[in-house]
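Spelled out from the first residue to the last, the chains are:
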Amino acid sequence: MSEEETQRYGGGAGAGGDGIGGLSLDLLGQVLDRVREPRDRKSCRLVSRAFARAEAAHRRSLRVLRREPLPRLLRAFPSLERLDLSACASLDDASLSSSLSGIRRVCLARATGVGWRGLEALVAACPRLEAVDLSHCVGAGDREAAAVAAAAGLRELSLEKCLAVTDMGLAKVVVGCTRLERLSIKWCREISDIGIDLLSKKCLELRSLDISYLKVGNESLRSISSLEKLEELSMVCCSCIDDDGLELLGKGSSSLQRIDVSRCDHVTSQGLASLIDGHNFLQKLNAADSLHEMGQSFLSNLAKLKDTLTVLRLDGLEVSSSVLLAIGEGCNNLVEISLSKCNGVTDEGISSLVTRCSQLRVIDLTCCNLLTNNALDSIADNCKMVERLRLESCSSISEKGLEQIATCCPNLKEIDLTDCGVNDAALQHLAKSSELLILKLGLCSSISDKGLAFISSSCGKLIELDLYRCNSITDDGLAALANGCKKIKILNLCYCNKITDTGLGHLGSLEELTNLELRCLVRITGIGISSVAIGCKNLIEIDLKRCYSVDDAGLWALARYALNLRQLTISYCQVTGLGLCHLMSSLRCLQDVKMVHLSWVSIEGFEMALRAACGRLKKLKMLSGLKSVLSPELLQMLQACGCRIRWVNKPLVYKD
Amino acid sequence: MDSSLRRSSETSLKALPSVARNTDPDQQGVRFNSMDQPYFARPGQSFPAFPPLFGVQSSSLYIPDDIEAKIGSQFESNPSLNNPTMDWDPQAMLSNLSFLEQKIKQVKDIVQSMSNRESQVAEGSSEVQAKQQLVTADLTCIIIQLISTAGSLLPSMKNPLSSNPALRHLSNTLGAPMVLGTSCNQRPSTNDEATIPDITKTSEYEELMNTLNTTQDEGDEIMKCQNPCGGEGSEPVPMEDHDVKESDDGGEGENLPPGSYVVLQLEKEEILAPHTHFCLICGKGFKRDANLRMHMRGHGDEYKTPAALAKPSKDSSSEPAPVTRYSCPYVGCKRNKEHKKFQPLKTILCVKNHYKRSHCDKSYTCSRCNTKKFSVIADLKTHEKHCGRDKWICSCGTTFSRKDKLFGHVALFQGHTPALPMDDIKLPGASEQPQDSEAMNNMVGSVGYNFPGSSSDDIPNLDMKMADDPRYFSPLSFDPCFGGLDDFTRPGFDISENPFSFLPSGSCSFGQQNGES
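The rules behind each value
- Residues numbered from 1 in each chain as written.
- Chains lettered and ligands numbered in written order.
- Predicted model: local features only at pLDDT ≥ 70, side-chain atom pairs only at ≥ 80, totals over all residues.
- Heavy atoms only, no water.
- UniProt positions renumbered as here; feature names shortened; annotations may be inferred.
- Helix = DSSP H or I, 4+ residues; strand = E, 2+ residues; numbered from the N terminus.
- Phe/Tyr/Trp six-rings, centres within 6.5 Å; stacked < 30°, edge-to-face > 60°.
- Buried < 20%, exposed > 50% of the residue type's maximum accessible area, 1.4 Å probe, protein only.
- Contact = heavy atoms within 4.5 Å.
- Core = buried A, V, L, I, M, F, W, Y, C linked by side-chain atoms within 4.5 Å.
- Salt bridge = Lys/Arg side-chain N within 4 Å of Asp/Glu carboxyl O.
- Pairing = 2+ DSSP bridges.
- Axes fitted to C-alpha atoms, helices over the stretch in contact; angles between N-to-C directions.
- Disulfide = S-S within 2.5 Å.
- Lys, Arg positive; Asp, Glu negative; His and termini not counted.
- Polar contact = N/O pair within 3.5 Å; in protein donor to acceptor, adjacent residues only side chain to side chain.
- Buried area = accessible area lost by both parts, 1.4 Å probe.
- Nonpolar A, V, L, I, M, F, W, Y, C, P; charged D, E, K, R; others polar.
- pLDDT = per-residue confidence, 0-100.
- Right-handed = clockwise from strand over helix to strand, strands pointing away.

- Chain B appears in an unreviewed UniProt entry as C2H2-type domain-containing protein from Leersia perrieri.

- For chain A, an unreviewed UniProt entry supplies the name F-box/LRR-repeat protein 15-like leucin rich repeat domain-containing protein and the organism Leersia perrieri.

What follows is the structure, given as structure tokens:
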């Protein structure tokens, strides 16, 4: 690179402009690898041609948001290995036939517009394909599975919620991809024991398997137990599986490390005990909402996992203090425990648990409403490493307990205080946790701008804040927030109905904001929406349901500025067909629109708007009255593009 | 029906003046069992009176036998099979194993020579092909031999020879002719009287796939039914101990002690008449209930009351009717009361169904597949519900009536994959082709067979023949071919064309494809 160019492109960045051009592409690539934030990398790319080149040569992964630039991007980054198309709007079969030769991993989650032709082309084009994610492609069936099965080198595959996949499709996959190591067939309800049996005969390399929500029975577990390398097994809500199945599984190879039997209604602690008998190296055991009582045999067997068990979830179980004591004595190395909705959890129980499990990092005590500050004290005293603490609906705790936590647990990253009735004083103490990333304060209506100011002053790293129904908060609180917490990505302000356009004006300075919920903020208008749209360039989701004063001006602003918007809720807004049309035709990433009760929009308005966005929409929510008045070919077209429509059964109202 | 088969049988006939073609092998089988053993022991009693052995070829009465006859001709080398009650003979096993050893060595040599020559000069392709066929045939033999060797170990394979009367007949013809002569002399009339039953019992076929044991039972039953005169007591009806597995008739699992029930035996005509109302006392059938009630008056005064003559209500019979069970009029049938292990039938409907299924022609043909035949119209209707639909197809072209059978097949063979029902828009071969060929390659690679494509027309026919005749699945039915170690280029040996049709092995019902295609 000539010096002139260096000056032109690199010099603008100020320091280091001279040196960059002299470094090799490899080195620059190494540098870029260490830049984590995509935005920062973009800055590097923009200020220096050397960086741009290095990135072009080195970039391994890419997340594409729109279909049109896909071929150009693939040419620009020849060494791409991971391609994420899950958010890519209007993706269809044709777009997958571009040159993808080096790709190893493809994420096509929710790519409902892609069918077997596209997958066939993709698999044919990528000889090195190792991982495919087809999760939530609800229309995908056996033929799509068969297309994927042609990728013989496949190691990871997710068919989660590919609702039409049956045993046949699974058989195709397991015969074609015998080297599979990870497979998820969650929600593929058509798959039966026969399919699972074949799977366990063919895919001997399997390490991780997810059969959640399947209607399979104990026979499947008998087959699965023959998989010698299986480490992880999820079977959430497999209601046909019972203790006999777990016993069969227990007799199999002892490679299992992580098992999830949550919401399996017919599993009891006896079955889990026999499972543990066979698998002495379990690290993670999720028995949430499946057990009804704690058997003695299970407790004594848990002690066998003393060294290995790190994650234990027992949600919804009747847990007495003695049980918690036994768990604490048996499993010293626990890192995560979940006792959400467990009856009988008391301060005493928590105390006896945490004094023995000092490694705990994640504690979920949701709805353990007997707990008081004493429990928080003992947690603070014993578990200095706590990172995540969920205390939703523990209404007896107060600022004193939280003070202990905030002082003693410097690593606290997430705390859920929804419905705990905490006040500004509690937030003042919490402000000591400068590492806080996620803070949930929903339904704490006594929180005011003052409390928000404490948080804003010191929790600069906050990325998610939930202020649902904190209706004492006003525009001033938002001003403080926008000043202090610049990193916020997810913000929930639903029903904080004192907020006006001024407050939204402050939010406009949150450049990182991606998800914004403003449900039922009746005072905000198009002006406020405009300032948010202009300021928050990364906005992906906005919820304006029941913001009755928002009109076409708001939609125009969104259409003009919120170019990354993917999900939009405008039910009950005062918008007209014109605004809707303009919005739908302009936003090229928009995929999910909820537009119920738009009584100012005419049928022609809906028709035009939907036609304008037809290829991109994946999910729609509309009044069922429209079903009969919209033109059938439009609905057919939407269907063909992989769009699912949820019809709301409420009367259709017109206003002129 | 199947030209290739016929051809092969004819050639084989020319090759060797065949044995006993107009002797019904089943007849021999009837006598040749444990009970009659003492008769056979008498040596040479009527050896000359066995004309078919040296007789001129008469009308080709029983074609499948010819195949076996041909195979049987090489039987001499395996004398152990002459033992009719071969339970588990270590001697035989040993000889089987050593034979296998020899065979494998032979194949190895051939392949060795092939590979050597290949490296040197490109041979004439025809010669290579011939060699390949040779290897294929050899491997077929090895597999079959392996199966039968293993089969003789299974407890259910008790007395496996009896499952194949033709074979037994042959083995005896060749091994100990005098024995056969004896039996023939005893009842020379059987040949004329005997009607050859239609033993292509398609309904039983699936069972047959599951347990070879069933096949055996079927065969036995058929053998016994060869006794149409059925003179009670005049001649001992040969009976055999075996486990009967009858799925189509009621009454199994019921263990009423003999004598605790009244046995009723309806006449054949009565059974086959289209009656629906039967007299509980004498079994006579009527078309109308009113007529039955009139008939009942003849059985006593208690049936003459106005209440008895009126339309029956549920609680009309005050006194408990005696426990009545039914006997099949077919002498020799296990459902016949003369049978040593008589198992009565529960209801008249059971009698009707049993008699039609077991002793009548299958006159109802499925209009969809034109293959499956039934004697009970309800069976046909049940079949028609599934015929053509629910067809589970493997990439190799094999079809299955049940998904689990297909999956069992797929699990067994490397590279085979279920074929999806493709839309009409798409050419059937477009996406399946690569997988098909892959499957084929794998097959050839792993087993060494020249696996035929499903397109070839005559092969399904061949298979059908095999499938329809239960005896073909007898584990030992191919044993004789191991006798002739060197005779592999024989033109009649069509079997190698589709060797897998001989590997039913329980899990995969190969025959099904032909039944439904």
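A closer look at the UniProt feature "domain: C2H2-type" (unreviewed entry) in chain B
Argument step 1. With numbering aligned to this structure, UniProt lists the feature "domain: C2H2-type" (unreviewed entry) at residues 277-304 of chain B.
Argument step 2. Taken end to end, residues 277-304 of chain B comprises 29% helix and 14% strand; its first and last C-alpha atoms sit 18 Å apart.

As for the packing of aromatic side chains
All names here are of chain A.
Argument step 1. The full count for this structure, using the stated rule, is three aromatic pairs over all chains.
Argument step 2. Measuring from centroid to centroid gives 4.2 Å for Trp187 and Tyr213, while their planes differ by 5°, and the two rings are stacked. Of this pair, Trp187 sits in the loop between strand S6 (182-184) and helix H10 (193-202) while Tyr213 sits in the loop between strand S7 (208-210) and helix H11 (218-224), placing them 26 residues apart in sequence.
Argument step 3. A residue is classified by how much of its surface remains accessible, and Trp187, at 29% relative accessible area, is partly exposed.

With respect to the environment of Val601(A)
Residues and elements named next belong to chain A.
Argument step 1. Looking at where Val601 falls in the secondary structure, it is placed in the loop between strand S22 (592-594) and helix H26 (603-612).
Argument step 2. Put simply, Val601 and Cys581 are 20 residues apart on the chain and 9.9 Å apart in space, counted from C-alpha to C-alpha.
Argument step 3. If we ignore the near neighbours within four places in the chain, the residues touching Val601 are Val575, Thr576, Gly577, Leu580 and Phe606.

What about the nonpolar core?
Argument step 1. Ranked by internal contacts, the top residues of the largest apolar core, which has 214 residues, are Leu302(A) and Ile327(A).
Argument step 2. Looking at this core element by element, the count peaks at six residues for helix H9 (residues 167-176) of chain A.
Argument step 3. Formed by 12 residues, the second largest nonpolar core is a distinct cluster that contains Phe278(B), Ile348(B), Cys350(B) and Val351(B).

Considering the pattern of salt bridges
All names here are of chain A.
Argument step 1. Tallied over the entire structure, the rule returns 39 salt bridges over all chains.
Argument step 2. Across the pair Glu55 and Arg59 runs a salt bridge whose closest N-O atoms are separated by 3.1 Å. No difference in accessibility class separates Glu55 from Arg59, as the two residues are buried.
Argument step 3. Here Arg361 and Glu387 are joined by a salt bridge, their closest N and O atoms 3.3 Å apart. Separated by 26 residues along the polypeptide, Arg361 in the loop between helix H16 (347-354) and strand S13 (362-364) and Glu387 in the loop between helix H17 (373-382) and strand S14 (388-390) bring together distant segments of the chain.
Argument step 4. Shared partners join several salt bridges into a network, and the residues in it are Arg41, Arg45, Glu55 and Arg59.

A closer look at helix H18 (residues 399-408) of chain A
Argument step 1. Considered for burial, the residues of H18(A) that qualify are Gly401(A), Leu402(A), Ile405(A), Ala406(A) and Cys408(A).
Argument step 2. Those residues of H18(A) that are buried lie in contact with H17, S14, strand S15 (414-416) and helix H19 (424-430) of chain A.

With respect to the sheet that holds strand S9 (residues 418-419) of chain B
All names here are of chain B.
Argument step 1. Pairing is antiparallel across the open sheet formed by three strands, whose spatial order is S8-S7-S9. With one partner strand each, in any of the chains shown, strand S8 (399-400) and S9 form the two edges of the open sheet.
Argument step 2. As paired elements, strand S7 (residues 392-394) and S8 share two bridges and run antiparallel to each other. Paired with Ile393 across the bridge in S8 is Thr399.
Argument step 3. Lying over the sheet, helix H18 (residues 403-412) contacts S7, S8 and S9, oriented at roughly 10° with respect to S7.

Description of unusual backbone geometry
Residues and elements named next belong to chain A.
Argument step 1. Non-glycine residue Arg110 carries a positive phi angle of around 60°.
Argument step 2. What makes Arg110 partly exposed here is its relative accessible area of 44%.
Argument step 3. Phi is positive for His597, close to 55°, though the residue is something other than glycine.
Argument step 4. Its relative accessible area of 19% is what places His597 among the buried residues.

Looking at the state of the cysteines
Here a disulfide denotes a covalent bond joining the sulfur atom of one cysteine to the sulfur atom of another.
Residues and elements named next belong to chain A.
Argument step 1. For the structure on display, the rule yields zero disulfides over all chains.
Argument step 2. Free cysteine Cys494: the closest other cysteine sulfur is in Cys496, separated by 7.7 Å.
Argument step 3. Unpaired in this structure, Cys641 has its nearest cysteine sulfur neighbour in Cys614, at a distance of 4.4 Å.

A closer look at the side chain of Glu541(A)
Residue and element names in this part refer to chain A.
Argument step 1. Note that Glu541 resides in strand S20 (residues 541-543).
Argument step 2. No salt bridge forms around the buried Glu541; measuring N to O, its nearest opposite-charge neighbour Lys594 is 6.2 Å away.
Argument step 3. A distance of 2.7 Å separates polar atoms of two side chains, one belonging to Glu541 and the other to Asn515.
Argument step 4. Beyond its immediate chain neighbours, meaning those up to four positions away, Glu541 contacts Thr514, Asn515, Leu516, Leu565 and Gln567.

Concerning the interface of chain A and chain B
Argument step 1. Counting residues at the interface gives 16 residues for chain A, matched by 21 residues for chain B.
Argument step 2. Summed over both partners, the interface of chain A with chain B comes to about 1,600 Å²; 68% of that surface belongs to carbon and sulfur atoms.
Argument step 3. When residues of chain A are sorted by the area they lose upon contact with chain B, Arg143(A), Met168(A) and Lys172(A) head the list and together hold 42% of the total.
Argument step 4. At the boundary of chain A and chain B, one finds one salt bridge.
Argument step 5. Class assignment for the residues of the side of chain A that touches chain B results in seven nonpolar, two polar and seven charged.

Digging into the confidence of the model for chain B
Residues and elements named next belong to chain B.
Argument step 1. Mean pLDDT over chain B stands at 58; residues scoring 70 or higher make up 39%.
Argument step 2. Taken element by element, chain B is modelled with least confidence in helix H20 (residues 458-468), mean pLDDT 37, and with most confidence in H18, mean pLDDT 90.
Argument step 3. Across residues 1-86, where pLDDT falls below 50, the model places 174 contacts with residues more than four positions away in sequence or in other chains.

Side note on the pairing of strand S23 (residues 619-623) of chain A
Residue and element names in this part refer to chain A.
Argument step 1. Counting buried residues in S23 gives four out of five residues, a clear majority hidden from the surface.
Argument step 2. One ladder, built from three bridges, connects S22 with S23; its direction is parallel. Note on S23: the bridge partner recorded for Lys594 is Lys621.
Argument step 3. Taking the sense of rotation as the criterion, the β-α-β connection linking S22, H26 and S23 turns out right-handed.
Argument step 4. Judged from the five bridges that link them, S23 and strand S24 (residues 644-648) form a sheet pairing that is parallel. Paired with Leu620 across the strands is Ile645, a residue of S24.

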